[in-house]
Amino acid sequence: MNSVFDELYQKYHHDVFQFLFYMVRNKEQAEDLVQEVYIRVFKSYHRFEGKSSEKTWLFSIARNVAIDSFRKQKGWKGRLLEKFDWSSSQVKDDYPIPEEIMIHKEEIKRIYQCLEHCTVDQRSVVILRFLNDLSITETAEALGWTEGKVKTTQHRAIKVLKKHMEMFNEKEGLDSEEVRVER
Amino acid sequence: MKKSEWSDKQLEELLRQMPKIHDHRNPRDIYQNLSIKKRKRSAWIIPGIATAAALLLFFLLVPTMFDRTEYSLDRAVQEKVSKEEQKSLSQEDSSTLKEDSTKNETGISGTEQKMLMTSSDKTALYDDELGNGTVLTYWIPDSQAQILVPVSTVVQLDQNKNWLTAFIETMGLLKEEEWGLSDYYPLNATLTLDTTNNTVMVDVPINHKYGEGSASETKFIDSLKKNISSNSQVNKIMLTTNGQPGIEFGNFGEIKEIQVESEGKHAYFFYTPDGMETTYLVPTTDSYQNINAAFEAMKTEPLEMGLTASVVPSFSFKDIEIKENKLIITIDENAVMENNLENVYSLEAILLTAKGFGIDTVRLLNAPINSLGPFDLTKDIKVPLAPNYRPIQ
């Protein structure tokens, strides 16, 4: 086995996989995409200058792979339809909640569902920051943004999540309302 | 409890609690899949090349297919036409029709190629080659027995021999098959000359084959007429069978005598036997009113089987003038003429045709080249003595 692959696998495989999983919300697809990430890494490894850390470089590749897969998924038909149907301008996926999430508590399931409502950028920031535990600086490096942009995007993402979490509560939380009335 | 209100901190905490998802595949498998995928990426190249090759072949083949259909259509039309013409000629043997019309076509393309390949030479017999000999012209049927090809040779005549004796003697020496024609001579007949009545007596044995089938009858009568008219001034043929007057022919019935008209006023065309490189100059059976009509006919394919046009495009006449026995042909200024065999034959066909109309010399004006094969185009050209010279040793 290739020594470069070995090293990358040891250090980052699970982080990259996790990132891709939450980006595309499907395990099989994430498995395919992680392969694609390796292929791109090998293609351009000789060009890697060490300006950024290996970690952020890998994440930036992973993010591009995920975005490309969204585009591919839509296909030319989807892109054409999108031009006429402004209401569905956000990429929606119909995948059911994965088993790995289902076994967790209610709040986790909900926030997983709410993540769907974030834009791709917002989702990237949220995943990198909180799930992959990257610092603001690292996130900025991986996304090729300024730290300020990372901060605002993160802030907006949290706002979206909060909004949708509350909507969940309203929908099924009639009893909690009642409780309030009672008080 | 304000369950519905989430603080940023709580949310972040919740996000951090989200489960770690692991790829349970063996890294070895992942690596293995990598190389497969790498190969897969280039997999579309092979079908791509195949498609390109298929398209290329398609575009190469389609035009040739079209060509071929057109060609065969052409061919079919030609065959049809020639068949109809043949029917109007009526006396020809219909069984050989199809075979011959196809051979006709191969003959056309064949002549053109062969003419450019062989060294230039003339076909007819001219004054300077005669010496003190006598010309004998034999009319020999081609291999399909469709046309009669005149072949001339030179013999030395003794004082006590007349032309017919020489004709009969030489008849056996002809190498018809070697020349690409059909073996016809010597005739299964006794020929005698009656000088007082200016008549040739032809006596055939009882078991003769000349009356079998319309083709052989026509060939026999025509060849007799032509042989006699081109070699002598005799104007009558008396036919006998084993001494009894008349020969029984299946189609014509019994014929006792044939009138011989002098040959002439025919147009000469090219004829190339199958699988041969020689070109014969052969006159048509029909005669023409004037020399212009004959030349005009020689530019196109004749009706008779196996013959091809003899006035090639490089001889484009601007003007034709006859002064006494001299024919003056003015060639178009734009005509391009190469010094090749085809043009030599064409000129000879013109000379032979002119001879039939009583012309002695031919002069070409405006000829693009000064000499064509053995001919000096700047001077008057004498018409040949006889067509298709074949010396016999």
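For the structure, see preceding data.
What counts and what doesn't
Residues numbered from 1 in each chain as written. Chains lettered and ligands numbered in written order. Predicted model: local features only at pLDDT ≥ 70, side-chain atom pairs only at ≥ 80, totals over all residues. Heavy atoms only, no water. Helix = DSSP H or I, 4+ residues; strand = E, 2+ residues; numbered from the N terminus. Buried < 20%, exposed > 50% of the residue type's maximum accessible area, 1.4 Å probe, protein only. Contact = heavy atoms within 4.5 Å. Areas by Shrake-Rupley, 256 points an atom, 1.4 Å probe, with all protein chains shown as cover. Lys, Arg positive; Asp, Glu negative; His and termini not counted. Salt bridge = Lys/Arg side-chain N within 4 Å of Asp/Glu carboxyl O. Polar contact = N/O pair within 3.5 Å; in protein donor to acceptor, adjacent residues only side chain to side chain. Nonpolar A, V, L, I, M, F, W, Y, C, P; charged D, E, K, R; others polar. Pairing = 2+ DSSP bridges. Axes fitted to C-alpha atoms, helices over the stretch in contact; angles between N-to-C directions. Phe/Tyr/Trp six-rings, centres within 6.5 Å; stacked < 30°, edge-to-face > 60°. Lys NZ or Arg CZ within 6 Å of the ring centre and 35° of its normal. Parallel < 35°, antiparallel > 145°, perpendicular 65-115°, else oblique. Left-handed = near helix turned anticlockwise from the far one by under 90°.

A. Quick look at the overall build of chain B. Counting secondary structure elements, chain B contains nine helices and 18 strands. Scored against the burial criterion, the 393 residues of chain B give a buried share of 44%. Considering only contacts within chain B whose residues lie at least 6 apart along the sequence, 64% involve residues at least 24 apart. Accessible surface computed for chain B: about 21,200 Å², of which carbon and sulfur atoms make up 52%.

B. Region of the structure containing the side chain of B:Glu176. Residue and element names in this part refer to chain B. For glutamate 176, the position within the fold is in the loop between α6 (163–171) and β3 (190–194). In this structure, glutamate 176 is buried with no salt-bridge partner, the nearest side chain bearing the opposite charge being lysine 175 at 9.5 Å. When sequence neighbours within four positions are dropped, the list of residues in contact with glutamate 176 reads Ile140, Leu181, Ser182, Asp183, Tyr184 and Tyr185.

C. Molecular detail of the interface of chain A and chain B. At the interface, 42 residues of chain A touch 29 residues of chain B. Counting every contact that joins chain A to chain B gives two salt bridges. The closest approach of N and O atoms between A:Lys162 and B:Asp8, which form a salt bridge, is 3.0 Å. Our count for the contact surface shared by chain A and chain B stands at eight residue pairs in polar contact (both at pLDDT 80 or more). If you list the elements that add at least two residues to the side of chain A that touches chain B, you get α1 (3–24), α2 (27–44), α4 (99–102), α5 (106–115), α6 (120–131) and α8 (147–172) of chain A. In terms of residue count, the dominant contributor to the side of chain A that touches chain B is α2(A) (10 residues). Within the side of chain A that touches chain B, the residues separate by chemical class into 21 nonpolar, eight polar and 13 charged.

D. Quick peek at the sheet that holds strand β14 (residues 326–331) of chain B. Residues and elements named next belong to chain B. Strand order in the open sheet made by the four strands is β13-β14-β15-β18, with mixed pairing throughout. The open sheet is flanked by β13 (317–323) and β18 (381–382), the only strands paired with a single partner. Where β14 meets strand β15 (residues 361–365), five bridges bridge the pair, whose relative direction is parallel. Along β15, the bridge assignment pairs lysine 326 with threonine 361. Docked against the sheet, helix α8 (residues 291–298) engages β13 and β14, running at close to 145 degrees with respect to β13.

E. Local environment of the sheet that holds strand β10 (residues 266–271) of chain B. Residue and element names in this part refer to chain B. With antiparallel pairing, the three strands of this open sheet are ordered in space as β11-β10-β12. Looking along the sheet, the strands with just one partner apiece sit at the ends: β11 (280–287) and β12 (307–308). Bridge count for β10 against β12 is two bridges, and the pairing is antiparallel. Residue pairing across strands places tyrosine 271 opposite leucine 307, the latter belonging to β12.

F. Quick peek at the pairing of β10(B). Residue and element names in this part refer to chain B. Of all the six residues making up β10, six are buried; the element is thus mostly covered by neighbouring parts of the structure. Taking every second residue as pointing to the same face, both faces of β10 are buried, with His266, Tyr268 and Phe270 on one and Ala267, Phe269 and Tyr271 on the other. By the bridge criterion, five bridges tie β10 to β11 in an arrangement that is antiparallel. Counted as the bridge partner of phenylalanine 269 is valine 282 from β11.

G. Broad picture of unusual backbone geometry. Residues and elements named next belong to chain B. Residue tyrosine 185 is joined to proline 186 through a cis peptide bond whose omega torsion reads 0 degrees. Secondary-structure assignment places proline 186 in the loop between α6 and β3. Notably, asparagine 198 is not glycine yet its phi reads approximately 55 degrees, a positive angle. Structurally, asparagine 198 is set in the loop between β3 and β4 (199–204).

H. Seen up close, the packing of aromatic side chains. If you walk through the whole model with that rule in mind, you get 18 aromatic pairs over all chains. Judged by centre distance (5.6 Å) and plane angle (80 degrees), the rings of B:Phe58 and B:Phe59 are edge-to-face. Judged by centre distance (5.7 Å) and plane angle (70 degrees), the ring pair of B:Tyr126 and B:Phe375 falls under edge-to-face. Here B:Phe375 lies in strand β17 (residues 375–376) and B:Tyr126 lies in the loop between α4 (97–117) and α5 (127–130), a separation of 249 residues in the sequence. On the basis of relative accessible area, B:Tyr126 is assigned to the buried category, the value being 6%. One aromatic cluster is present, formed by B:Tyr138, B:Trp163, B:Phe167, B:Tyr184, B:Tyr185, B:Tyr210, B:Phe220 and B:Phe249 through successive ring pairs. A cation sits over an aromatic face here: A:Lys149 above A:Trp145, 4.3 Å from the ring centre.

I. Representation of the pattern of salt bridges. Per the stated rule, a full pass over the model turns up 14 salt bridges over all chains. Residues A:Arg40 and A:Glu36 are paired through a salt bridge, measuring 3.3 Å at the closest nitrogen-oxygen approach. Remark: A:Glu36 and A:Arg40 occur in helix α2; sequence separation between them is four residues, near one turn of the helix. Residues A:Asp133 and B:Arg16 are paired through a salt bridge, measuring 3.3 Å at the closest nitrogen-oxygen approach. Residue A:Asp133 is located in the loop between α6 and α7 (136–143), and its partner B:Arg16 is located in helix α1 (residues 8–17); the two belong to separate chains. Linked through salt bridges whose partners overlap, the residues forming this network are A:Glu36, A:Arg40, A:Asp68 and A:Arg71.

J. Fine view of the packing of α6(A) against α7(A). Residue and element names in this part refer to chain A. At their nearest, the axes of α6 and α7 sit 10 Å apart, and the two run at 135 degrees to each other. The angle between α6 and α7 places the two elements in the oblique class. Note that α6 runs across α7; the crossing there is right-handed. On the side of α6, the interface is formed by Ser124, Val125, Leu128 and Arg129, while α7 contributes Ile136, Thr139, Ala142 and Leu143. Of the residues belonging to the contact of α6 with α7, the class tally is five nonpolar, two polar and one charged.

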